[in-house]
Amino acid sequence: TLLVVSTTKELIAAGILSPFRVFATGHPDLTGVKITAGDYNEKQLAVVMNQENLVGDVVTHWIRHAEGRKTLVYAVDVAHSIGLRDEFSRASISAGHIDGTTPAEERDAILGQLKRGSIDVLCNCQVLTEGFDAPDVGCIVLARPTKSFSLYRQIVGRGLRPAPGKENCIVLDHSGATLDHGFVDEPIE
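Read on for an overview of the structure. (Residues numbered from 1 in each chain as written. Predicted model: local features only at pLDDT ≥ 70, side-chain atom pairs only at ≥ 80, totals over all residues. Heavy atoms only, no water.)

Let us look at the sheet that holds strand E4 (residues 71–74). The strand order E1-E8-E7-E4-E6-E5 describes an open sheet built from six strands, whose pairing is parallel. Where the open sheet ends on each side, the last strands, each with one partner, are strand E1 (20–24) and strand E5 (95–99). Taken pair by pair, the neighbouring strands of this sheet meet at an average axis angle of 20°, ignoring direction. Packed onto the sheet, helix H5 (residues 104–116) meets E4, E5 and strand E6 (121–125) and runs at close to 145° relative to E5. On the sheet, helix H6 (residues 149–157) packs against E4, strand E7 (139–142) and strand E8 (169–173) and is oriented at approximately 150° with respect to E7. (Pairing = 2+ DSSP bridges. Helix = DSSP H or I, 4+ residues; strand = E, 2+ residues; numbered from the N terminus. Axes fitted to C-alpha atoms, helices over the stretch in contact; angles between N-to-C directions. Contact = heavy atoms within 4.5 Å.)

As a further point, take the pattern of salt bridges. In total, this model carries seven salt bridges according to the counting rule given. Residue Glu67 pairs with Arg69 through a salt bridge whose shortest N-O separation is 2.9 Å. With relative accessibility at 53%, the residue Glu67 sits in the exposed group. With a relative accessible area of 17%, Arg69 lands in the buried category. One connected set of salt bridges, linked through shared partners, spans Arg21, Glu67 and Arg69. (Salt bridge = Lys/Arg side-chain N within 4 Å of Asp/Glu carboxyl O. Buried < 20%, exposed > 50% of the residue type's maximum accessible area, 1.4 Å probe, protein only.)

Right, here's the structure in full:
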């Protein structure tokens, strides 16, 4: 039995979590992407999501909606994350990338750049989902579709930490996760 002590909506109302605004582009065309172990097959998903037009849309929407906020981008795989970082850089937006193979010293340096504001956007692959806390992050980009309700909530949750001067978190959903799983403050059973 799962006991729900407080809901996300209650935690937002109490100021324990930040409010959020979502901009969703709809569902990417995942026709032919198989399900493996309950989620999308990563290799097939990477081929679909790492197309130039989709990567470019992430940057275009960030420029239009993110208000220059410190941002975490969640990619499908390492190549996708690097491609997103490179596309942000081509648009003259300071961006970095980390993944599970990034050496600890380099990872710490890149996270320090994000914290100091010398990079605006940090693209990652399967690194910054659990146990990462950066309350001043004001934008989350979902560039990774997932069937996992808990992964979706973990990713968006990285932006819901309150910080001084932070009115809300902007969520740019290029994955269809909000349409599939609902807003993160909707009640769950």
